[in-house]
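Tertiary structure, described
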Amino acid sequence: MDKENSEKSRRSKEYTIAFYNLENYFDTTNDAYVLDDDFTPKGFKKWDEKRFIWKTRKLAKAISKIGLDDSRLPPVLIGIAEVENARVIQRLLQSEKLKAIDYGYVHFDSPDERGIDTALIYNKDYFHVLDAETIPLLIENTNGDRDLTRDILYVKGELNNEVFHVFVNHWPSRRDGAELTAYKRVAAANTILRKINFLRQDGKDANIVIMGDFNDDPNSESIRTLMDSGLFINPMQALLTPNSGSANYKGEWSLFDQVIVSHSFLNYEVGTHSFKKAKVFAPRFLKEWKGKYKGNPYRTYAGKKYLGGYSDHFPVYIVLNFNS
């Protein structure tokens, strides 16, 4: 086999699983039941149909290119965060860069006060959904009221006929301070662990993928809570450096966006998937090109100012090899 055919054969067995926080991907319609007024034509952000279409095209372009250095396909699974509803997901998947791919999606409305949810996009040619549900995150604020935050999305499915358990997350923010809100994200980690303990009652190893914007770095208490279970590897750990991450705030890089996988992805049996690599997807077109914020994610807004970019987060992804 010549070198070119050998490379094609290798890439044909590699599959990308990605996560992308889409930065306030709202439609332009005011929903009376959520706090989305800013993202309307007359709102604070002056969010109109032209801006929505422009952002949709840009997000579709980004998603269509994730992982193409490693696989012949765009991602077979993409967890997304900060989407307002099913309508915006449909618009995204119908856009020019994605409409040729047979993508489906799993989405549920969450109790988040701003109306932003998580979802899972999947390539129907390779992934078959068996079950899906939301797992409520039942936590209280310091005043005793329930924190109406995003549910955890759980999807059970088959990738190339191997069963996967996928959790898509957007954990409570640090808005009121990292330390003061840390207990909420630890509670989210424990919520997932309880579900996994239920899944593992039959004693069998399960293929588990936990992805999301965790609002915590790999060394934070919440992520350590997951890792201390002994069930997972976090291939994102090495991707956070003083000069790189998935988001940048006041000159400091963070890696809140992560994809964590179970130890079962370290096997190489025929018919299974094995972990190969993890990356932050940060090509030049997703970055600020000049000025003070050069190299940072090219975002849609900076406060009230419209920049017209993609997102304030870079996507992250892992590559799995299908052992055939």
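Above this note sits the structure.
From a predicted model like this one, the values you see are computed outputs, not experimental measurements.

**Notes on the packing of helix H2 (residues 49-65) against helix H3 (residues 86-93)**
Where H2 meets H3, the closest approach of the two axes is 9 Å, and the angle between their N-to-C directions is 60°. Relative to H3, the element H2 lies oblique. Taken as a pair, H2 and H3 cross one another with a handedness that is right-handed. Residues Glu49, Phe52, Ile53, Thr56, Leu59, Ala60 and Ile63 of H2 form the contact with H3, whose own contacting residues are Val88, Arg91 and Leu92. Residue classes in the contact of H2 with H3 are distributed as seven nonpolar, one polar and two charged.

**Quick notes on the packing of aromatic side chains**
For any pair of aromatic rings, geometry is given as the distance between the ring centres together with the angle between the planes. Counted under the stated rule, the structure contains 16 aromatic pairs. Ring geometry for tryptophan 47 against tyrosine 301: centres 6.1 Å apart, planes inclined by 55°, an arrangement best described as tilted. Here the residue tryptophan 47 occupies a position in the loop between strand S1 (14-25) and H2, and tyrosine 301 occupies one in strand S14 (residues 301-302), the gap between them amounting to 254 residues. Grouping residues by exposure puts tryptophan 47 and tyrosine 301 together as buried. An aromatic cluster is built from Phe26, Phe39, Trp47, Tyr301 and Tyr306, whose rings are joined through pairwise contacts. When the ring centre of tyrosine 301 is taken as reference, the NZ or CZ atom of lysine 45 above it lies at 4.8 Å. The ring of tyrosine 306 carries arginine 51 above its face, with NZ or CZ at 3.9 Å from the centroid.

**Re the sheet that holds strand S8 (residues 208-213)**
Strands sit in the order S5-S6-S7-S8-S12-S9 across an open sheet of six strands; the sheet is mixed. Bordering the open sheet on either side are strand S5 (127-135) and strand S9 (232-233), each of which pairs with just one other strand. Bridge analysis of strand S6 (residues 152-159) against strand S7 (residues 162-170) gives seven bridges, and the strand direction is antiparallel. Its bridge partner being in S7, leucine 159 is matched across the sheet by glutamate 162. Of the strands in this sheet, S5, S6, S7, S8 and S9 touch helix H4 (residues 178-199), which is tilted by about 165° from S7.

**A word on H3**
Residues of H3 that are buried: Val88, Ile89, Leu92 and Leu93. What you see down the axis of H3 is that its buried residues fit within an arc of 135°, all on one side. Buried residues along H3 sit in contact with S1, H2, strand S2 (77-83), strand S3 (103-107) and strand S4 (117-123). For H3, the capping residue at the N-terminal end is asparagine 85, with a side-chain oxygen 3.1 Å from the backbone nitrogen of arginine 87.

**Quick look at the sheet that holds S1**
Taken in spatial order, the six strands of this open sheet run S3-S4-S2-S1-S16-S13, and their pairing is mixed. Each edge of the open sheet is held by one strand with a lone partner, namely S3 and strand S13 (273-280). Here the strands of the sheet are splayed against their neighbours by 20° on average, with no regard to which way each runs. In terms of strand pairing, S1 meets S2 through six bridges, oriented parallel. The residue of S2 that forms the bridge with tyrosine 25 is valine 83.

**Digging into the pairing of S4**
Extensive coverage of S4 is indicated by the burial of seven of its seven residues. Side chains Asp117, Ala119, Ile121 and Asn123 of S4 all project onto a buried face; the interleaved residues Thr118, Leu120 and Tyr122 project onto the opposite face, where all are buried too. The sheet contact formed by S3 and S4 spans five bridges and is antiparallel. Following the sheet pairing, tyrosine 105 is matched in S4 by isoleucine 121.

Scoring rules and cut-offs
Residues numbered from 1 in each chain as written. Predicted model: local features only at pLDDT ≥ 70, side-chain atom pairs only at ≥ 80, totals over all residues. Heavy atoms only, no water. Axes fitted to C-alpha atoms, helices over the stretch in contact; angles between N-to-C directions. Helix = DSSP H or I, 4+ residues; strand = E, 2+ residues; numbered from the N terminus. Parallel < 35°, antiparallel > 145°, perpendicular 65-115°, else oblique. Left-handed = near helix turned anticlockwise from the far one by under 90°. Contact = heavy atoms within 4.5 Å. Nonpolar A, V, L, I, M, F, W, Y, C, P; charged D, E, K, R; others polar. Phe/Tyr/Trp six-rings, centres within 6.5 Å; stacked < 30°, edge-to-face > 60°. Buried < 20%, exposed > 50% of the residue type's maximum accessible area, 1.4 Å probe, protein only. Lys NZ or Arg CZ within 6 Å of the ring centre and 35° of its normal. Pairing = 2+ DSSP bridges. Arc of directions from axis to C-beta. Polar contact = N/O pair within 3.5 Å; in protein donor to acceptor, adjacent residues only side chain to side chain.

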